[in-house]
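# A closer look at the structure
Listed here are the chains, written in short residue letters.
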Amino acid sequence: MRTKPQSNYSQMTAATNDPLSFLNNESAGLQNNSQTDLIQLLLYEIIRVKDLIKYYESIPNGGGRLGASILNELVAEAYDSLVNYDTVLMNKYYDLLQNCD
């Protein structure tokens, strides 16, 4: 029986500054509604998963290459849903990215 390898992801530290601080509620062009909330949530998940991709890419001997590749594809598709303003796909990719670890 094989055991699951221990993840070092818990040792990673989160950024101390908010990378999306420019998207605050006082912004002139940003409205406070459910679609705006979905966009912000998806952007935060994309940023989180991109940090996770860096972790997978740092695994020695290419051990995380497959995981990084899969996550890169998810992030690219999530960006496409934002660019196309497809709220159905935004919800889909938000849910998918939330479960990435």
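The text that follows walks through the structure, step by step, so that each part is easy to find. (Residues numbered from 1 in each chain as written. Predicted model: local features only at pLDDT ≥ 70, side-chain atom pairs only at ≥ 80, totals over all residues. Heavy atoms only, no water.)

On to the packing of helix α2 (residues 65–83) against helix α3 (residues 87–98). Axis separation between α2 and α3 bottoms out at 9 Å; the angle between their running directions is 150°. Of the possible angle classes, the one that applies to α2 and α3 is roughly antiparallel. Every pair of crossing elements has a handedness; the one defined by α2 and α3 is left-handed. For the pair α2 and α3, contact is made by Leu-74, Val-75, Glu-77, Ala-78, Ser-81 and Leu-82 and by Leu-89, Met-90, Tyr-93, Leu-96 and Leu-97, respectively. A per-class count over the contact of α2 with α3 returns 9 nonpolar, 1 polar and 1 charged. (Axes fitted to C-alpha atoms, helices over the stretch in contact; angles between N-to-C directions. Helix = DSSP H or I, 4+ residues; strand = E, 2+ residues; numbered from the N terminus. Parallel < 35°, antiparallel > 145°, perpendicular 65-115°, else oblique. Left-handed = near helix turned anticlockwise from the far one by under 90°. Contact = heavy atoms within 4.5 Å. Nonpolar A, V, L, I, M, F, W, Y, C, P; charged D, E, K, R; others polar.)

Let us now look at α3. Under the 1.5 Å per step criterion, the end-to-end length of α3 is 16 Å for 12 residues, consistent within 8% with the ideal 16 Å. Among all positions in α3, only Met-90, Tyr-93, Tyr-94 and Leu-97 are buried. Take α3 and look down its axis: the buried residues cluster within an arc of 110°, on one side only. Structurally, the start of α3 carries an N-cap: the backbone nitrogen of Val-88 is 3.2 Å from a side-chain oxygen of Asp-86. (Expected span 1.5 Å × (residues − 1). Buried < 20%, exposed > 50% of the residue type's maximum accessible area, 1.4 Å probe, protein only. Arc of directions from axis to C-beta. Polar contact = N/O pair within 3.5 Å; in protein donor to acceptor, adjacent residues only side chain to side chain.)

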